[in-house]
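Structural features, examined
Residue-level listing of the chains:
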Amino acid sequence: MDDTSKIIKKAGRYASMSTSVAGVALQLVGEKFLGVSIDRDAHSANLMAVLGKFKGPIMKVAQILATIPNALPPEYAKAFQELQANAPAMGWPFVRRRMKAELGVDWQSNFIEFPKNATAAASLGQVHKAQDSDGNWVACKLQYPDMMSAVEADLNQLKLLLKIYKQYDDSVVMENVHAELADRLHEELDYRREANVQKLYAQLLKDEAHVHVPNVVGTLSTDRLLTTEWVDGCGVLEFEKAPLEDRNKIALNLFKAWYVPLYKTGIIHGDPHPGNYTVRDDLSINLLDFGCVRIFNPDFVGASIDLYNALKNKDEELAVQSYKTWGFGDLNRETIEILNVWAGFLYGPILDDNIRTIGSSDEGVYGQETAREVHKKLRELRAGLPIPREFVFMDRAALGIGSICIRLQSEVNWYRLFNEMIEGFDVDDVRARQNEILPKYDLV
Ligand SMILES: Nc1ncnc2c1ncn2[C@@H]1O[C@H](COP(=O)(O)OP(=O)(O)O)[C@@H](O)[C@H]1O
Ligand SMILES: [Mg+2]
């Protein structure tokens, strides 16, 4: 039995989705080996149907994959981004049982008010807007039961899908991507860790007057329940038609929320989904959801700045050095050129000393066109390029924030903004800050 039929057979073993995963696999394999060309739209709809059966966590993965260049055929990207990354709601008897398990039989004495219905959906559970015994409004994020096994099952399905896809196209090696997503999803199950990260973020952003991190209510938080101060704000897309000045301010604040922690301390919020922040009346940002945060080796962050300088000064040697530090391994001339295309695209706006938008709003999914070009070139080379783990969330953040700034059509001198932010950057300072601060929040 060849690899492909083994995989299809294995797919068949997953009872609930056997037909659809296998079906999707067959289509891809058919295109590759039998020369049958598949109807891309129908295919992408089928794959969505398969993924639609997954629970919360994998939907988040699908969304993330959709924003990583080459992770999936570009046709899927748009469809994936529209997927709802949330688990179905728990009813009141269920919520009561879960709350009792987290805070004890007396759990209701901690609240003046606790609504029976969830106020918002979360990927691994749901959020109730409650009033604590002091009268403060809080967000109680309560995890669904058995999410650990759901995450495991979904990760296995994902591995399978990636394997299937590899049969179809192996120009990019995805093993690291899977490992990275698996690590982040496992961390996301641990709300105690998330509480620590949220406290760390409050510290990292304390001097940014226009970015707010809600306080954690430690007495009402456990491994599976995260209670934080309730913060009011609007969705960012409600500002699409706001005056330019306002849209620019929002872009600026988002940029700070994402990149101050990165260049000061080597940490990035890995999920720039618009559900994970809101905008206050004064246009400052409430930053939410610290379940998927990446702590980088400072050398990796240093290399991202080296690469910036390399592109700015057309310093080929420094660029290659940066890719090496990023973990791209031995690179030949052709691969370097391909990586330069991608880097040139991502860094484009911060290399241009002008007031401008990140890109045009009618370009479709931000980055997909360049991703397609990069992908095609890699295929021609027939050299499977292993994507370094760190790349996943670095890219994800840039594309996520970039695409929101495009939706807003914000006009900013990104070059100045970036250069001000990295002024005085020193890898050893970042290292020292990490060594000092991470143990304080139990994050080593
Ligand atoms: N402190 C808060 N104040 C107001 N709304 C909140 C707060 N925390 C979470 N929410 C709401 O709950 C939703 C889900 O919470 P989030 O932390 O993003 O969960 P998940 O990690 O599962 O995505 C958010 O998109 C937001 O609408
Ligand atoms: Mg969220």
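Let me begin by describing the structure that accompanies this report. (Residues numbered from 1 in each chain as written. Chains lettered and ligands numbered in written order. Predicted model: local features only at pLDDT ≥ 70, side-chain atom pairs only at ≥ 80, totals over all residues. Heavy atoms only, no water.)

1. Here we look at the pattern of salt bridges
- Going through the model one piece at a time under the given rule, you end up with 22 salt bridges.
- Its salt-bridge partner being Glu102, residue Arg98 comes within 3.0 Å of it at the nearest N-O pair. Placement of both Arg98 and Glu102 in helix 6 (residues 92–103) is noted, with a separation of 4 residues, approximately one turn of the helix.
- Judged by relative accessible area, which is 17%, Glu102 ranks as buried.
- Arg431 serves as the salt-bridge partner of Asp428, at 3.6 Å between the closest nitrogen and oxygen. With Asp428 and Arg431 both in helix 17 (residues 427–437), this residue pair falls 3 residues apart, about one helical turn.
- Judged by its relative accessible area of 28%, Arg431 is partly exposed.
- Here the residues in one salt-bridge network are Glu180, Asp183, Arg184, Glu187, Arg193, Arg294 and Arg389, joined through shared partners. (Salt bridge = Lys/Arg side-chain N within 4 Å of Asp/Glu carboxyl O. Helix = DSSP H or I, 4+ residues; strand = E, 2+ residues; numbered from the N terminus. Buried < 20%, exposed > 50% of the residue type's maximum accessible area, 1.4 Å probe, protein only.)

2. Description of the packing of aromatic side chains
- Applying the stated rule across the entire model yields 21 aromatic pairs.
- An angle of 85 degrees between the planes, with centres 5.1 Å apart, marks the rings of Trp107 and Phe114 as edge-to-face.
- Overall, the relative accessible area of 3% leaves Trp107 in the buried class.
- Residue Phe114 is classed as buried on the basis of its relative accessible area, which comes to 12%.
- An angle of 90 degrees between the planes, with centres 6.2 Å apart, marks the rings of Tyr323 and Phe328 as edge-to-face. In this pair, the class of Tyr323 matches that of Phe328, namely buried.
- Here a set of aromatic residues connected by ring pairs shows up, and it is made of Phe255, Tyr259, Tyr263, Tyr308, Tyr347, Trp414, Phe418 and Phe425. (Phe/Tyr/Trp six-rings, centres within 6.5 Å; stacked < 30°, edge-to-face > 60°.)

3. A short note on the coordination of the magnesium ion (ligand 2)
- Around the magnesium ion (ligand 2), the protein contributes the donor atoms Asn276 (OD1) and Asp289 (OD), which lie 2.1 Å from the metal centre. Highlighted residues: Asn276 in the loop between strand 8 (267–269) and strand 9 (277–279) and Asp289 in the loop between strand 10 (285–287) and strand 11 (293–295), separated in sequence by 13 residues.
- For Asn276, a relative accessible area of 8% puts it in the buried group.
- We classify Asp289 as buried; its relative accessible area is 16%. (Donors = N, O, S within 2.8 Å, 3.2 Å for Na, K, Ca; no water.)

4. Observations regarding the site of ligand 1
- Residues in close proximity to ligand 1 total 19 residues, the closest being Ser123, Lys141, Glu229, Gly275 and Asp289.
- The separation between an oxygen atom of ligand 1 and a polar main-chain atom of Ser123 is 2.6 Å.
- At a separation of 3.0 Å, a nitrogen atom of ligand 1 approaches a polar backbone atom of Val231.
- If ligand 1 stood free it would expose 550 Å²; the protein chains cover 84% of that surface.
- Elements represented by at least two residues in the shell around ligand 1 include exactly strand 2 (120–121), strand 4 (137–143) and strand 7 (225–229).
- Of the residues assigned to the shell around ligand 1, the class counts are 10 nonpolar, 4 polar and 5 charged. (Near = heavy atom within 4 Å. Polar contact = N/O pair within 3.5 Å; in protein donor to acceptor, adjacent residues only side chain to side chain. Areas by Shrake-Rupley, 256 points an atom, 1.4 Å probe, with all protein chains shown as cover. Nonpolar A, V, L, I, M, F, W, Y, C, P; charged D, E, K, R; others polar.)

5. Overview of the environment of Ser133
- With respect to the secondary-structure elements, Ser133 resides in the loop between strand 3 (125–132) and strand 4.
- Under the relative-accessibility criterion, Ser133 is labelled partly exposed at 48%.
- The spacing of Ser133 and Ser109 is 24 residues in sequence and 7.4 Å in space, taken between C-alpha atoms.
- When neighbours within four sequence positions are excluded, Ser133 is seen to be in contact with Ser109, Asn110, Phe111 and Ile112. (Contact = heavy atoms within 4.5 Å.)

6. Structural notes on the sheet that holds strand 6 (residues 211–212)
- The strand order across the open sheet built from 3 strands is 6-10-9, with neighbouring strands paired in mixed fashion. What marks the edges here is a single partner per strand, and that holds for strand 6 and strand 9.
- Pairing of strand 9 with strand 10 involves 3 bridges; the strand directions are antiparallel. Residue pairing in the sheet places Thr278 in a bridge with Asn286 of strand 10.
- On top of the sheet, helix 10 (residues 244–265) reaches strand 6, strand 9 and strand 10; it is set at about 30 degrees to strand 10, its chief contact. (Pairing = 2+ DSSP bridges. Axes fitted to C-alpha atoms, helices over the stretch in contact; angles between N-to-C directions.)

7. Observations concerning unusual backbone geometry
- Not every positive phi belongs to a glycine, and Asp146 is a case in point at roughly 60 degrees.
- Of note in this structure, Leu283 is not a glycine but carries a positive phi near 75 degrees.
- Along the chain, Leu283 turns up in the loop between strand 9 and strand 10.

8. Overview of the packing of helix 11 (residues 298–312) against helix 17
- Axis separation between helix 11 and helix 17 bottoms out at 9 Å; the angle between their running directions is 150 degrees. Between helix 11 and helix 17, the interaxial angle falls into the category roughly antiparallel. Regarding helix 11 and helix 17, the two cross each other, and that crossing is right-handed. Contacts between helix 11 and helix 17 pair Pro298, Asp299 and Gly302 from the former with Val427, Val430, Arg431 and Gln434 from the latter. (Parallel < 35°, antiparallel > 145°, perpendicular 65-115°, else oblique. Left-handed = near helix turned anticlockwise from the far one by under 90°.)

9. Quick look at helix 6
- With 12 residues, helix 6 ought to run about 16 Å at 1.5 Å a step, and its terminal C-alpha atoms sit 16 Å apart, in line with that.
- Within helix 6, the full set of buried residues consists of Trp92, Val95, Arg98, Met99 and Glu102. Along the axis of helix 6, the buried residues cluster in a sector spanning 125 degrees; they form a single face. Across from the buried face of helix 6, at angles greater than 90 degrees, the exposed residues are Pro93, Arg97 and Ala101.
- Each element contacted by the buried residues of helix 6 is listed here: strand 1 (111–113), strand 3, strand 4 and strand 7. (Expected span 1.5 Å × (residues − 1). Arc of directions from axis to C-beta.)

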